[in-house]
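Descriptive analysis of the structure
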Amino acid sequence: MSYRQGTLWLSPDELAEMLTDLLTVLRERVGNAPAPGRAPYLLSAILFPAEQPPPDVSSR
């Protein structure tokens, strides 16, 4: 099992472009059928906006 989480700072246009890129990569593999040497993997993507960090008080 693997789990990765990170924060990406993206504009709405950058997010749309990233999702298009991800779908392109996934489409190449989603049609794979069961075969010897292959195991099923469940892929779950959850995208939600994170809270903005508080302003840096020391930079004022």
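Relevant structure appears above.
These remarks concern the structure in this document. (Residues numbered from 1 in each chain as written. Predicted model: local features only at pLDDT ≥ 70, side-chain atom pairs only at ≥ 80, totals over all residues. Heavy atoms only, no water.)

Moving on, we get to the layout of surface pockets. Within this model, the largest pocket holds a volume of roughly 1,500 Å³. What lines the largest pocket is a set of 31 residues, among which Arg 4, Gly 6, Leu 8, Ile 46 and Leu 47 lie closest to the centre. For the lining of the largest pocket, a count of residues per class yields 22 nonpolar, seven polar and two charged. Of the voids in this model, the second largest pocket is the one considered here, and its volume is about 430 Å³. Of the residues that constitute the lining of the second largest pocket, the class distribution is nine nonpolar, one polar and two charged. (1 Å grid on protein atoms, 1.4 Å probe; cavity = no way out; pocket = protein on both sides within 12 Å on 5 of 7 lines; lining within 4 Å. Points joined across faces, edges and corners; volume = space filled by probe spheres on them. Nonpolar A, V, L, I, M, F, W, Y, C, P; charged D, E, K, R; others polar.)

Our next topic: the environment of Ser 44. Structurally, Ser 44 can be placed in the segment after α1 (12–30). Placed 24 residues apart in sequence, Ser 44 and Thr 20 show a C-alpha to C-alpha distance of 16 Å. (Helix = DSSP H or I, 4+ residues; strand = E, 2+ residues; numbered from the N terminus.)

Right, let's talk about a negative patch on the surface for a bit. Among the surface-exposed residues, Asp 13, Glu 14, Glu 17 and Asp 21 lie close enough to one another that they form a single negatively charged patch. Structurally, Asp 21 is set in helix α1. Assessed through its relative accessible area of 43%, Asp 21 is described here as partly exposed. (Patch = residues over 30% accessible without salt bridge, like charges linked within 9 Å, V, L, I, M, F, W, Y side chains within 5 Å. Areas by Shrake-Rupley, 256 points an atom, 1.4 Å probe, with all protein chains shown as cover. Salt bridge = Lys/Arg side-chain N within 4 Å of Asp/Glu carboxyl O. Lys, Arg positive; Asp, Glu negative; His and termini not counted. Charge placed at Lys NZ, Arg CZ, Asp CG, Glu CD. Buried < 20%, exposed > 50% of the residue type's maximum accessible area, 1.4 Å probe, protein only.)

None of the figures reported here should be taken as evidence of function without further support.
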